[in-house]
Amino acid sequence: MKNKRFTVLVALLLVLTCFALCACNKTDRNLNKMVKKSYDYVSLTVTTDIEGVILTSVYTATKTENNQTQIRFSYQTFNTIDVGNGGITLPEGRITTHRGTLTVDVSRNNAIVKSSGDELNINLKEVTAKNIKFNSKNFTDIQDNDGFFSAKINDLSAFTGTSVKGSEGSVSVRYSDNSLISMVISYVNEQGSVITANYSYQSED
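Computed from a prediction, not measured in an experiment: that's the story for all the values here. (Residues numbered from 1 in each chain as written. Predicted model: local features only at pLDDT ≥ 70, side-chain atom pairs only at ≥ 80, totals over all residues. Heavy atoms only, no water.)

## Structural notes on the overall build of the chain
For step 1, the next point in the chain: Regarding its fold elements, the chain presents 3 helices and 12 strands.
For step 2, the next point in the chain: By residue count, 31% of the 205 residues in the chain fall in the buried class.
For step 3, the next point in the chain: Sequence-distant contacts in the chain: of pairs separated by 6 or more residues, those separated by 24 or more amount to 44%. (Helix = DSSP H or I, 4+ residues; strand = E, 2+ residues; numbered from the N terminus. Buried < 20%, exposed > 50% of the residue type's maximum accessible area, 1.4 Å probe, protein only. Contact = heavy atoms within 4.5 Å.)

Okay, here's the thing in structure tokens:
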């Protein structure tokens, strides 16, 4: 009798595990599909908290005619002290804001059609989060219900598809009708700065 009960218990555990894995895989597929979807408008605001000093970067991607996308951006960097020629040159201020605009052709692998202003400081895929890859094996503390997903990230590089490293990574997503509404990613980088990336989306009509 004990052997039968043990066998039934193991079978139930296997079934529950199978259901859990299927649910996680379905969530992964749905979120990855929504991330790769084409949106009319995507905005990304990145804040970098460096010991209480906040640097802010804002990027927007807007679909235009002829299968093109216009990227507008502004990002902040710390000014550096120039040491050379036997002297020290102090910057006029502590922070510089860089601005620019560029238009890319989506059908030509995001080839740049025209640009103005400063150079873009991140990859185009990062502007729209198409570099992101959801994989439940890379998450802990997963919450997924009623159009809301959140989790802690184990490996930032695997999640973002970049070489970024950090700790205390987390992600939260709101979605509806198979489209993303917003996504927030946060982590602490190797220098101890708190990075928060806030995406918002507008679907195609």
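## Digging into the packing of aromatic side chains
For step 1, the next point in the chain: A complete count under the given rule lists 8 aromatic pairs for this structure.
For step 2, the next point in the chain: Where Phe-134 meets Phe-149, the ring centres are 5.8 Å apart and the plane angle is 85 degrees; that geometry is what we call edge-to-face. One end of the pair, Phe-134, is in the loop between helix H2 (124-128) and strand S8 (139-145); the other, Phe-149, is in strand S9 (residues 148-153), with 15 residues separating them in the sequence.
For step 3, the next point in the chain: Ring plane angle 85 degrees and centroid distance 5.4 Å describe the contact between Phe-134 and Phe-159, whose orientation is recorded as edge-to-face. Of this pair, Phe-134 sits in the loop between H2 and S8 while Phe-159 is found in helix H3 (residues 156-160), placing the two residues 25 residues apart along the sequence. (Phe/Tyr/Trp six-rings, centres within 6.5 Å; stacked < 30°, edge-to-face > 60°.)

## Quick look at the nonpolar core
One recurring pattern in soluble globular proteins: nonpolar side chains tend to sit buried together.
For step 1, the next point in the chain: Core analysis: the biggest nonpolar cluster contains 36 residues, and Phe-134, Val-171, Met-183, Ile-185 and Tyr-199 have the highest contact counts within it.
For step 2, the next point in the chain: Leaving out residues up to four positions away in the same chain, Ile-185 has contacts with Ile-132, Ile-153, Phe-159, Ser-170, Val-171, Ile-195, Thr-196, Ala-197 and Tyr-199. (Core = buried A, V, L, I, M, F, W, Y, C linked by side-chain atoms within 4.5 Å.)

## Here we look at the environment of Val-58
For step 1, the next point in the chain: As for its position among the elements, Val-58 is in strand S2 (residues 53-63).
For step 2, the next point in the chain: Sequence-wise, Val-58 and Ala-197 are 139 residues apart; in three dimensions their C-alpha atoms are separated by 9.7 Å.
For step 3, the next point in the chain: Once residues lying within four places of it in the same chain are set aside, the contact partners of Val-58 are Leu-44, Thr-45, Arg-72, Phe-73 and Ser-74.

## Section: the pairing of strand S11 (residues 179-189)
Side-chain positions along a regular strand alternate between the two faces of the sheet.
For step 1, the next point in the chain: Note: strand S10 (residues 166-176) against S11, 9 bridges, orientation antiparallel. Paired with Ser-172 across the bridge in S11 is Val-184.
For step 2, the next point in the chain: Sheet topology note: the S11/strand S12 (residues 194-203) ladder contains 7 bridges and is antiparallel. Looking at the pairing, Val-188 lines up with Val-194 of S12. (Pairing = 2+ DSSP bridges.)

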